[in-house]
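# Coordinate inspection notes
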Amino acid sequence: MTAPGTPAGAPAADTDDLDVEEALALVREPHREPQDDGAARPPGGPAVRQPAERHTATPWPHAREIAARAARTARAHGRQGTADSSAGDRRAPVSVPLGDALGLVLAAPLDALTDLPSFDTSAMDGWAVAGPGPWQVREEGVLAGHAQPESLTDGVAVRIATGARVPADTTAVLRTEHGRTDAQGRLHPTREMSHGQDIRPRGQECRTGDQLLPVGTLVTPAVLGLAAAAGYDTVTVVPRPGVEVLILGDELLTEGLPHDGLIRDALGPMLPPWLRALGADVVAVRRIGDDARALRKAVTASRADLVITTGGTAAGPVDHVHPVLERVGAELLVDGVKVRPGHPMLLARTKEHQHLVGLPGNPLAAVSGLLTLAEPLLRTLAARPAPEPYTLPLKEAVQGHPYDTRLIPVVLRGDHAVPLHYNGPAMLRGIAAADALAVVPPGGARQGEEAELLDLPWATAGIGVCFT
């Protein structure tokens, strides 16, 4: 959704590739809405704009706070129910099988359904022994998964496997490597033993009714293991937020090489797996093109928690996002962010329980919008904990924007963050090799200066890495 003469998806007022004077001029220029009929662009000139009120973009940290707050409001409406009963039901806690719970957040405590272990068990392979040695060894052994074995009497031992039920009156378990048998077949310890050694007593880990994990716990593989050990087949969790992705732009190809002014769509393949890695359920990906009517129909018909659009957030003749939001009565919460790339991103409340994040069309600018607005909104909807902020010193100095935050792809090397090249708004070469994005404040950062880092979900080896 770009004007003639503009790189596909490029925001009309992005200053990343301008010199300082040009950037300052654009920063001072007020944001204006396009004419409703799609104003023409004079050849080589700027888009024709209608007079509008002066617009001030939202500071980057504040924009992220607004996105999280918007999600909290939507969750509250979901819990209380709305006129659209399905909206309230969608955000209500759900019971899911353990195999489907990875990456979700517990909406009910995980309480022990039984003692763990539920009977005295052997912690090692060896012999269950009674009384002081030496011991006469029974012929039959005790294996895991079998019924309660015959009790022991003093001076008697029995072979036992790890996890097997310990016979009644057992004094201790003698490990295989700590015992020897003499010529008469009697068992002797090769080191001192203590009463109860290598026996896991019933209830050692928990008793029935104990709280194992509280509400708000992120379900990791270890949590799944604990739930299964405790006897759970399902867990109660906060459901994944549903996301619908609307790909805008007539200039986008879905296959083959770019040709005749057409370019490959990078966002269609990139956004759905990225959104899944952020914990979302991508319910649909639709290609709308530069069609205001189709965009309006798609937005009003969507029942997703979040609608994501790509491109069309500036003020060009085919940038339809702002006019469509106005026509559907949406409330603009963020209209432009003081960040580069990605300045013309936006966040709107389209329904009481639904939001729309408008991403710029340039690929790295879209990534910026994804991490600035979509990530905190989705994380809060899913009740996932916010990542702990951390910083690392920059290996090299990074040039800053006069007034805006910059997000720069970096790789992590030892105790430093190394800035990557190819970080222009239309480039993906840098972010494809990156471990994180460095948050560079207005004015830039010196070599060795600490910079806040935004981890990429697959670079943290976290459970959010789910691309299918």
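These lines cover the structure that appears in this document, whether it is placed above or below. (Residues numbered from 1 in each chain as written. Predicted model: local features only at pLDDT ≥ 70, side-chain atom pairs only at ≥ 80, totals over all residues. Heavy atoms only, no water.)

### Some thoughts on the overall build of the protein
Per the secondary structure count, the protein includes 9 helices and 28 strands. Here the analysis covers contacts within the protein between residues at least 6 apart in sequence; of these, 70% occur between residues at least 24 apart. Surface exposure of the protein reaches about 21,800 Å², of which carbon and sulfur atoms provide 51%. (Helix = DSSP H or I, 4+ residues; strand = E, 2+ residues; numbered from the N terminus. Contact = heavy atoms within 4.5 Å. Areas by Shrake-Rupley, 256 points an atom, 1.4 Å probe, with all protein chains shown as cover.)

### With respect to the pairing of strand S26 (residues 416–419)
Of the pairings in the sheet, the one linking strand S25 (residues 405–413) to S26 comprises 4 bridges and is antiparallel in character. The residue bridging Val410 from the neighbouring strand is Pro419, located in S26. Connecting S25 to the next strand, S26, in antiparallel fashion are 2 residues, including Gly414 with a positive phi near 65°. (Pairing = 2+ DSSP bridges.)

### Here we look at the packing of aromatic side chains
Applying the stated criterion across every chain yields a total of 1 aromatic pair. A centroid spacing of 4.6 Å and a plane angle of 75° characterise the contact between Trp274 and Trp458, whose relative ring orientation is edge-to-face. Taken together, the residues Trp274 in helix H5 (residues 267–277) and Trp458 in the segment after strand S28 (450–455) connect sequence positions 184 residues apart. Accessibility expressed as a relative area gives 31% for Trp458, which makes it partly exposed. (Phe/Tyr/Trp six-rings, centres within 6.5 Å; stacked < 30°, edge-to-face > 60°. Buried < 20%, exposed > 50% of the residue type's maximum accessible area, 1.4 Å probe, protein only.)

### Some points on the pattern of salt bridges
As enumerated under the stated definition, the model contains 14 salt bridges in all. For the salt bridge of Arg186 with Asp182, the shortest nitrogen-to-oxygen distance reads 3.2 Å. One continuous salt-bridge network, built from bridges that share partners, spans Arg64, Glu375 and Arg379. (Salt bridge = Lys/Arg side-chain N within 4 Å of Asp/Glu carboxyl O.)

### Observations regarding unusual backbone geometry
With an omega dihedral of -10°, the bond running from Leu116 to Pro117 counts as a cis peptide bond. Omega for the bond connecting Arg340 with Pro341 falls within 30 degrees of zero, at -5°, which places this linkage in the cis form. Assignment of secondary structure puts Pro341 in the loop between strand S21 (337–340) and strand S22 (346–351). With a phi close to 50°, Asp260 is a non-glycine residue in the positive phi region. Positionally, Asp260 belongs in the loop between strand S16 (252–253) and strand S17 (263–264). The exposure class of Asp260 is exposed, given its relative accessible area of 73%. Despite not being glycine, Tyr422 shows a phi value in the positive range, around 55°. Topologically, Tyr422 is positioned in the loop between S26 and helix H9 (429–432).

### A word on the nonpolar core
Trp274, Leu275, Ile308 and Leu370 are the most contacted members of the largest nonpolar core, which totals 46 residues. For this core, the leading source of residues is helix H8 (residues 363–381), giving 10 residues. Of the domains in this structure, domain 1 (20–92 + 241–381) and domain 3 (391–455) are the two that each give at least three residues to this core. Aside from chain neighbours lying at most four places away, what touches Leu275 is Val243, Val245, Ala280, Val282, Ile308, Leu370 and Leu378. By size, the runner-up hydrophobic cluster in this structure holds 19 residues, among which are Leu212, Val219, Val223 and Val235. (Core = buried A, V, L, I, M, F, W, Y, C linked by side-chain atoms within 4.5 Å. Domains from an automatic or database assignment.)

### Looking at empty space enclosed by the protein
Applying the stated criterion across every chain yields a total of 2 cavities of 30 Å³ or more. Residue lining of the second largest cavity: Gly103, Leu104, Val105, Val238, Pro239, Arg240, Gly279, Ala382 and Arg384, and that is the complete set. A per-class count over the lining of the second largest cavity returns 5 nonpolar, 2 polar and 2 charged. (1 Å grid on protein atoms, 1.4 Å probe; cavity = no way out; pocket = protein on both sides within 12 Å on 5 of 7 lines; lining within 4 Å. Points joined across faces, edges and corners; volume = space filled by probe spheres on them. Nonpolar A, V, L, I, M, F, W, Y, C, P; charged D, E, K, R; others polar.)

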